[in-house]
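# Residue-level structural notes
Residues per chain, in single letters:
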Amino acid sequence: MKFSAESLILRSGFCSLIIIIAQKCDYFLLVRGQKVPAVFVFGDSFGDTGNNEFFGSIATSDFPPYGRDFKHHIPTEGLGIKELLPPYLDPNLKAQDLLTGVCFASAGSGLDNLTFQVLNVIPFGKQIEYFKEYRKTITGLVGEEETTTIIREAIFFITIGSNDIGYYFLVSPRRLQFNVQEYTDFLLNTYTVYIKFPIIFAPNSYIWVLILQELYNLGATRIALINLPPLGCLPIERTLTSLKNKGACDVERDEAASGFNSGLNAMIDGLKPVFPTLKIASLDYNNLISELITNPSKYGLEVIARGCCGTGTIEVLLFTCNQLSPFTCPDASKYLFFDAVHLTQKAYQIISNVFLTRYVAQHL
């Protein structure tokens, strides 16, 4: 499977980090000399390429100014041989699209089953169910042996958890049930396995979505977990906590993300001896975003505290970041963030290069 290094498609309009990575696979495959027949994506808006468009969710961005930096200024357009990692729910998918990888992610989703209800998006557990359905479909197309090979050699990207913690501080009733540390433990339980691997975080909070066990049982052997960014430094979080922090990053939210990431690393270390054929790595998104915030000029960035769209302080999704948004910047390449949550294409390109060379190529 060949991807163009220049190719980028955001069918939903979000600047999706994972799609850039997927479309640069040809680069790191050349370095490692290995074949990757397919790429699969699960999670939230950092990976969603348009699934939310097909069932009426408001968590979409297939409208200007999203996509203005793409060819013909269309949010759903890209370049390259495989122009996009298509959303699984697209009814126009062709057989070849399925065989080379699809996206199951849904903007607004999370590990907590309460999170997806906020914006009516696809629960993470349902994404796994869709993958089971997908596996049956391609088995009918190419047979069990070829299906097993595709899934075994594919790379699975998972980016999830940011919405859970964001909603925890904003609207979630979980604050009445858990403190911050207990809640991050609760979230990490959805990654762990209680059949072959002991729960080591919060034993009383078993959740039916046991993602890694499910994917492993379905034949996945190469999984990349993208950790959480410094959530307190997102423009929208700076805005929500501006009275307390005067526009600075919110320490409490950053610490919650760091706590989740530490638990994620501990979980990965524990899983490796249990599943010796499973290659699993944590991609350090948090550290890379922190580096861009600390040293923006080193990367040609000028604005790191607000987004390009509108005022750059609250704009995200249909109701705020749209073609009517005033003050949208003329040159997003100077910005770290495009809207109040998601990065610009330039920032994602920088991060994807590091992910491929430092993490994916070395550990998967």
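The preceding data block contains the structure.
These lines cover the structure that appears in this document, whether it is placed above or below. It should be emphasised that the depicted structure is a prediction, and the values quoted were computed from it without experimental measurement. (Residues numbered from 1 in each chain as written. Predicted model: local features only at pLDDT ≥ 70, side-chain atom pairs only at ≥ 80, totals over all residues. Heavy atoms only, no water.)

## Concerning the side chain of threonine 241
Here threonine 241 is to be found in the loop between helix 10 (235–240) and helix 11 (242–245). A residue is classified by how much of its surface remains accessible, and threonine 241, at 6% relative accessible area, is buried. A polar atom in the side chain of threonine 241 sits 2.7 Å from the backbone oxygen of glutamate 237. Contact partners of threonine 241, with chain neighbours within four places excluded, come to Lys246, Ala248, Asp250 and Arg253. (Helix = DSSP H or I, 4+ residues; strand = E, 2+ residues; numbered from the N terminus. Buried < 20%, exposed > 50% of the residue type's maximum accessible area, 1.4 Å probe, protein only. Polar contact = N/O pair within 3.5 Å; in protein donor to acceptor, adjacent residues only side chain to side chain. Contact = heavy atoms within 4.5 Å.)

## Things to note about the packing of helix 8 (residues 180–188) against helix 12 (residues 251–274)
The interhelical angle for the contact between helix 8 and helix 12, taken along N-to-C directions, is 40°, at an axis separation of 9 Å. Relative to helix 12, the element helix 8 lies oblique. Two packed elements cross with a definite hand, and for helix 8 against helix 12 that hand is right-handed. Residues Val180, Thr184, Leu187 and Leu188 of helix 8 lie in contact with helix 12, whose contacting residues are Glu252, Ala256, Phe260, Gly263, Leu264 and Met267. Along the lines of polarity and charge, the residues of the contact of helix 8 with helix 12 split into seven nonpolar, two polar and one charged. (Axes fitted to C-alpha atoms, helices over the stretch in contact; angles between N-to-C directions. Parallel < 35°, antiparallel > 145°, perpendicular 65-115°, else oblique. Left-handed = near helix turned anticlockwise from the far one by under 90°. Nonpolar A, V, L, I, M, F, W, Y, C, P; charged D, E, K, R; others polar.)

## Remarks on the pairing of strand 2 (residues 155–159)
When you tally the buried positions in strand 2, you get five out of five residues, the bulk of the element. Side chains of strand 2 alternate between two faces, with Ile155, Phe157 and Thr159 and Phe156 and Ile158 buried alike. Looking at chain direction, strand 1 (residues 39–43) and strand 2 are connected through five bridges and run parallel. Bridge pairing in strand 2 places phenylalanine 40 opposite phenylalanine 156. (Pairing = 2+ DSSP bridges.)

## A closer look at the state of the cysteines
A full pass over the atoms with the stated rule returns two disulfides. The side chain of cysteine 233 participates in a disulfide bridge whose partner is cysteine 249; the two sulfur atoms lie 2.0 Å from each other. What sets the handedness of the cysteine 233 and cysteine 249 disulfide is the S-S torsion sign, and at about 115° it is right-handed. Placement of cysteine 233 in the loop between strand 3 (222–226) and helix 10 and of cysteine 249 in the loop between helix 11 and helix 12 is noted, with a sequence separation of 16 residues between them. With a relative accessible area of 6%, cysteine 233 lands in the buried category. (Disulfide = S-S within 2.5 Å.)

## Here's the deal with the packing of aromatic side chains
Per the stated rule, a full pass over the model turns up 23 aromatic pairs. When the centroid spacing of 5.4 Å and the interplanar angle of 70° are considered together, the rings of phenylalanine 40 and phenylalanine 131 count as edge-to-face. Remark: phenylalanine 131 occurs in helix 5 (residues 124–142) and phenylalanine 40 occurs in strand 1; sequence separation between them is 91 residues. Given a relative accessible area of 0%, phenylalanine 40 falls into the buried group. Residue classification places phenylalanine 131 among the buried residues on the basis of a relative accessible area of 0%. Ring plane angle 10° and centroid distance 6.2 Å describe the contact between phenylalanine 42 and phenylalanine 156, whose orientation is recorded as stacked. Placement of phenylalanine 42 in strand 1 and of phenylalanine 156 in strand 2 is noted, with a sequence separation of 114 residues between them. Here phenylalanine 42 and phenylalanine 156 have matching classes, each one buried. In this structure an aromatic cluster arises from ring pairing among Phe40, Phe42, Tyr88, Phe104, Tyr130, Phe131, Tyr134 and Phe156. Its end group placed over the ring of tyrosine 130, lysine 126 keeps NZ or CZ at 5.0 Å from the ring centre. (Phe/Tyr/Trp six-rings, centres within 6.5 Å; stacked < 30°, edge-to-face > 60°. Lys NZ or Arg CZ within 6 Å of the ring centre and 35° of its normal.)

## Quick word on the pattern of salt bridges
For the structure shown, the criterion picks out eight salt bridges. As a salt-bridge pair, arginine 253 and glutamate 237 come within 2.6 Å of each other at their nearest N and O atoms. Pair noted here: arginine 253 is in helix 12 and glutamate 237 is in helix 10, with a separation of 16 residues, a long-range link. Note on arginine 253: relative accessible area 9%, which makes it buried. Sharing partners across several salt bridges, the network here consists of Glu237, Lys244, Asp250 and Arg253. (Salt bridge = Lys/Arg side-chain N within 4 Å of Asp/Glu carboxyl O.)

## A closer look at helix 7 (residues 162–170)
Burial within helix 7 is extensive, with eight of its nine residues counted as buried. Buried within helix 7 we find Ser162, Asn163, Asp164, Ile165, Gly166, Tyr167, Tyr168 and Phe169. Looking at the packing, one finds that the buried side of helix 7 touches helix 4 (116–119), helix 8, helix 10 and helix 12.

## Details of the sheet that holds strand 4 (residues 279–283)
On the basis of which strands lie adjacent, the open sheet formed by four strands has the order 1-2-3-4 and parallel pairing. Unpaired on one side and paired on the other, strand 1 and strand 4 mark the two borders of the sheet. Across the sheet, the mean angle separating the axes of adjacent strands is 20° when strand polarity is ignored. Pairing geometry for strand 2 and strand 3, over four bridges, is parallel. The partner of threonine 159 across the bridge, within strand 3, is isoleucine 226. Contacting strand 1 and strand 2, helix 5 crosses the sheet at an angle of about 155° to strand 1.

## A closer look at the packing of helix 7 against helix 8
The description of two helices packed together rests on the angle between their axes and the distance between the axes. One way to put it is that helix 7 packs onto helix 8 with a least axis distance of 11 Å and a crossing angle of 150°. For the crossing formed where helix 7 meets helix 8, the hand is right-handed. Residues Asp164, Ile165, Tyr168 and Phe169 of helix 7 pack against Val180, Tyr183, Thr184 and Leu187 of helix 8. Looking at the contact of helix 7 with helix 8 residue by residue, the class counts come to six nonpolar, one polar and one charged.

Interpretation note: all reported values are geometric properties and have no functional meaning in isolation.
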